[in-house]
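A look at the structure
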Amino acid sequence: MPARPLVFVHGTVILPNREIEDGAVVCSGGKIVAVGGRREIRVPKGAATIDAKGGFIGPGYIDIHVHGGAGADFMDGTPEAVRTANRVHAKHGTTSIFPTTTTGSREQITAMLRACKAVQRGWKVRDGAYVAGVHFYGPYFAPEKVGCHLKSGRRDPDPQEYRKDFDLGIIKIATCAAELTGAEAFYREAARRGYLVTCGHSDSSWSEMARAFRAGMRHVDHFWCAMSSVPSVRARLKEPMQGSMEQFTLFHEAMSTEVIADGIHLSSELLEYALRMKGPERLLLVTDANRAVDMPPGRYRFGPKADGSWFVSNGKVGINPDGSGLASTVVGMDTMVRIMKQKTSASLPEAVRMGSLTPAERAGIAQKAGSLEAGKRADVLVLDKGLNVKRVFMRGEEFAAS
Ligand SMILES: [Zn+2]
């Protein structure tokens, strides 16, 4: 059933490169049909007015690296777990989501992919953020860069395994550590299928990155987290000291990357540095959130409920149980956009772009989502002046957070 026409007014409209004060966004049939100054816009008859109350009217956020929320991890592998996590992320402004696999058995990964596919197929607004595709992230991590993920679930890329997973038709983003045996073939296969090809949980050198780049790799997961540095490459490959993922990504204009802007993983100067070096079209925001989003502090499993690794949430961030490091975030995309705006020189359109249009472009869904533009899905947020999410609309229908 086509959604009733809507007109969003009494707010500043956030576009990728500018703001429209006292703007309006008109939606009809689940799509955006007009964006502009309130006085220039023609409002269709019978349109319902959505009052932004002097705040902002922005695009729905897009998260390409996210593990769960509200007690569920996508690796739990059931449609209900997928919906539970998607609902909490919708509450925080994410309207398109790429559930992310981690290390685990072949069966656990396949169950996750099937669950995401089932949720995508039967999707309704009340299911939360729309599954725009899956980020195939684990299990092909470098052994020494597994981070908080379960070590026993990691392995080298196996074409028998990933071809079958790719054939399910739900994956849109694919990660592998560049130094692993078989990485090049993995990248070529993923690139051939049009995925965003990424290197993460890796200790690769410049030359390994260059080889990966030739095979189609164009992105690096959570910059500065679980990736190589000049000293780490030196420890592995000895002298002469070589470039790492860091230099390679900053050096190549075609490479994009992402930051976890929760204010805890990375300091303000690193966020600013990444922004200045890559710019808002090549740097994007991810939550990398685990199942403890909007849950009380306590002990939780990262990855599958049955046998995932343990971490502790203190209500602000995930921590390894021995206190040895961080274990991803417990907040939504609204926090990331807010921190990027507060802690760096990013303009409001830039901070919002990094959480919407940039991930849409990199993941290949920018024709349908990622900005307030006529013809795109009516995925619209009403935000207050402090960028807190007040109301969430997907395809022109309001999402009721319960
Ligand atoms: Zn992650």
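Residues numbered from 1 in each chain as written. Predicted model: local features only at pLDDT ≥ 70, side-chain atom pairs only at ≥ 80, totals over all residues.

Here the focus is the sheet that holds strand β8 (residues 94-99). Pairing between sheet strands relies on hydrogen bonds along the backbone, with the strands arranged either parallel or antiparallel. The 3 strands lie next to each other as β5-β8-β9, forming an open sheet whose pairing is parallel. With partners counted over all chains shown, the strands left at the sheet margins are β5 (61-66) and β9 (130-131), one partner each. Packing against the sheet, helix α1 (residues 79-91) makes contact with β5 and β8, and its axis sits at approximately 140° to β8. (Pairing = 2+ DSSP bridges. Helix = DSSP H or I, 4+ residues; strand = E, 2+ residues; numbered from the N terminus. Contact = placed C-beta atoms within 7 Å. Axes fitted to C-alpha atoms, helices over the stretch in contact; angles between N-to-C directions.)

A word on unusual backbone geometry. Here Gly-138 and Pro-139 are connected by a cis peptide whose omega angle stands at 20°. Tracing the backbone through its elements, the reader meets Pro-139 in the loop between β10 (134-136) and α3 (159-167). Even without being a glycine, Asp-288 presents a positive backbone phi close to 50°. The residue Asp-288 is located in the loop between β15 (283-285) and β16 (298-302) in this model. A positive phi angle is found at Ser-328, which is not glycine, with a value near 70°. Position of Ser-328 relative to the elements: it lies in strand β19 (residues 326-329).

Domain boundaries assigned for the protein yield domain 1 (6-59 + 376-399) and domain 2 (62-363). Between the C-alpha centres of domain 1 and domain 2 there is a distance of 30 Å. Each partner contributes to the interface: domain 1 provides 18 residues, whereas domain 2 provides 17 residues. Elements with a minimum of two residues in the side of domain 1 that touches domain 2: β4 (48-59), β21 (389-394) and β22 (397-399). Broken down by element, the side of domain 1 that touches domain 2 gets its largest block of residues, 3 residues, from β21. (Domains from an automatic or database assignment.)

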